[in-house]
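# A look at the structure
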Amino acid sequence: MAGEGVRVRPEESVPASGGLAPAAGGGSVPTSPTVRSVWRGGRLIALLGLIVVAVATAVVLLGPDRGAQRFLDPDDTSLQGSKALAELLRARGVTVDRVDSAEAARALGGDRLLFAGDTTYVDTSALASLPGDRLIVGFYDLPTLAPNVDPVPEAVRERSRDPECALPAATAAGSAYIGGVAFEVPTGGTGCYPSHEGSTLVSFPNGSGTTTVVGSASFMTNLRLAEDGNAALALNLLDTGKPVTWLVSPDTPPTGDLAGIEGRSMYDLMPAGVGWSLVMACVAVALVAFWRGRRLGPVVVERLPVVVRAAETVEGRGRLYRARKARARAADALRAGAIDRLTPRLGLGQGADSREVVAAIAVRTGEDAQRVGAALYGPSPETDDELVALAGYVDHIERKVSEL
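Per an unreviewed UniProt entry, the protein chain goes by the name DUF4350 domain-containing protein and belongs to Nonomuraea ferruginea.

In structure tokens:
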């Protein structure tokens, strides 16, 4: 190396490539891990992974079957169900009958309140002929069940809203978590819990009773019932002095209404060879990854003609800087190295700017922030004495941070 006498000592030296000595007989030595070394180093991790997988599988297979959550079901105790609301109604003496079809609702007869939470698999025309009050959630077939109500095109965010209307059931409850769909208020009706688009609760007479349409039913679920005035609003809408016919989606939907032809699912409609195609694609990807990963062969250590101590390399570079009077470049190297070492110790990311670094150092060490900023980000030193002073102060900062 050019410079002021950088000494090279082949003897008593350490290789510059990580400390691996060349083979005694000369030549190159492969250093890539063998199958045995990989197995010895990773068998404990593999064993722990197998134990975790076995425990998780046992919990899933042997644990209790909680079943699927059924939204707004009076018999469902999950967060999406409405078991709590149904029990509150029964405690107040209200009869709650759970039905899953229009025929079952018609068989109950009498002057009742029809609560329609999901009419996906129900004959809505048969429901429309039932007399009495109606409470409809969402916009399930509104032209049939509530022909006077039109939903607005845009969805409404669910949040806590004030009633801002004269409907007793809403004013007594106060604010409620409601939204989802907004409606235009029909002639002779009342709109509550308004949004910019319309009202999220609309009530109007239907000839044989009162029809109430609500944009969402989240406030009736077990999850939201205890918030705001949700419980009061739900009880006021359902407790009208009449028995409640609570309509839910059937446990087993009719076969003809399922996706696909004759009730077949999407997986039944797939060609028989799709599964084998996926398996072949996975095998091909694995083979290509193995081929491309091994194309360069094992890593080897090249026998170097000479080996230079790291300390002597640093000393030689320093003498070169001194010979060329490259104080600015030396100062930049000192500052960059110090910042790279200080940033993780201070809990800062690699992208932290100068103000964050200086503020963190000043707080942790008690040093003057201006002096720290001048040392790490200030102008380059003009003389050797200034460079030495800068190096000493930077080293002082690093020592104080490391001692904390």
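Picking up after the structure, the text goes on.
### Notes on the UniProt feature "transmembrane region" (unreviewed entry) in the protein chain
If you check UniProt for "transmembrane region" (unreviewed entry), the listed places come out as residues 44-62 and 273-291 in our numbering. Taken end to end, residues 44-62 is 100% helix and 0% strand, and its first and last C-alpha atoms sit 27 Å apart.

### Section: the packing of aromatic side chains
In this structure the tally under the stated criterion is one aromatic pair. Between phenylalanine 115 and tryptophan 246, the aromatic rings sit 4.8 Å apart at their centres with planes inclined by 70°, giving edge-to-face as the arrangement. Within this pair, whereas phenylalanine 115 is found in strand S3 (residues 113-116), its partner tryptophan 246 is found in strand S12 (residues 244-247), the two being separated by 131 residues in sequence. Summarising the burial analysis for this pair, phenylalanine 115 and tryptophan 246 share the class buried.

### Regarding the side chain of threonine 343
Following the sequence through the fold, threonine 343 ends up in helix H11 (residues 327-345). Residues within four places of threonine 343 in sequence aside, it is in contact with Leu348, Gly349 and Gln350.

### Points about the packing of helix H2 (residues 83-91) against helix H7 (residues 230-238)
H7 packs onto H2 with a crossing angle of 55° between their chain directions and a minimal axis gap of 11 Å. Regarding the angle of H2 to H7, the classification is oblique. H2 and H7 meet at a crossing whose hand is right-handed. Touching Leu85, Leu88 and Leu89 of H2 are Ala234, Leu235 and Leu238, all from H7.

### Re a nonpolar patch on the surface
Among the surface-exposed residues, Leu44, Leu47, Leu48, Ile51, Val55 and Val59 lie close enough to one another that they form a single nonpolar patch of about 580 Å² accessible area. Tracing the sequence through the fold places leucine 44 in helix H1 (residues 35-62).

### Concerning H1
Bending of H1 peaks at approximately 50° at the position of glycine 42. Of all the 28 residues making up H1, zero are buried; the element is thus mostly uncovered.

### Concerning the state of the cysteines
Under the definition given, this model contains one disulfide. Here cysteine 165 connects covalently by a disulfide to cysteine 192, the sulfurs 1.9 Å from one another. Its S-S torsion of about 95° marks the bond between cysteine 165 and cysteine 192 as right-handed, since a negative value means left-handed. Highlighted residues: cysteine 165 in the loop between strand S6 (156-161) and helix H6 (168-173) and cysteine 192 in strand S9 (residues 190-194), separated in sequence by 27 residues. Each member of the pair, cysteine 165 as well as cysteine 192, is classed as buried.

### Points about the pattern of salt bridges
Scanning all chains against the criterion turns up 16 salt bridges. Residue lysine 400 pairs with glutamate 367 through a salt bridge whose shortest N-O separation is 3.2 Å. Taken together, the residues lysine 400 in helix H14 (residues 384-403) and glutamate 367 in the loop between helix H12 (354-365) and helix H13 (369-377) connect sequence positions 33 residues apart. Of the residues examined, glutamate 367 reaches a relative accessible area of 16% and is grouped as buried. Counted as one network, the salt bridges with shared partners bring together Arg70, Asp73, Asp75 and Arg98.

Reading guide: rules and limits
- Residues numbered from 1 in each chain as written.
- Predicted model: local features only at pLDDT ≥ 70, side-chain atom pairs only at ≥ 80, totals over all residues.
- Heavy atoms only, no water.
- UniProt positions renumbered as here; feature names shortened; annotations may be inferred.
- Helix = DSSP H or I, 4+ residues; strand = E, 2+ residues; numbered from the N terminus.
- Phe/Tyr/Trp six-rings, centres within 6.5 Å; stacked < 30°, edge-to-face > 60°.
- Buried < 20%, exposed > 50% of the residue type's maximum accessible area, 1.4 Å probe, protein only.
- Contact = heavy atoms within 4.5 Å.
- Axes fitted to C-alpha atoms, helices over the stretch in contact; angles between N-to-C directions.
- Parallel < 35°, antiparallel > 145°, perpendicular 65-115°, else oblique.
- Left-handed = near helix turned anticlockwise from the far one by under 90°.
- Patch = residues over 30% accessible without salt bridge, like charges linked within 9 Å, V, L, I, M, F, W, Y side chains within 5 Å.
- Areas by Shrake-Rupley, 256 points an atom, 1.4 Å probe, with all protein chains shown as cover.
- Salt bridge = Lys/Arg side-chain N within 4 Å of Asp/Glu carboxyl O.
- Bend = angle between axes of the 7 residues up to and from the residue.
- Disulfide = S-S within 2.5 Å.

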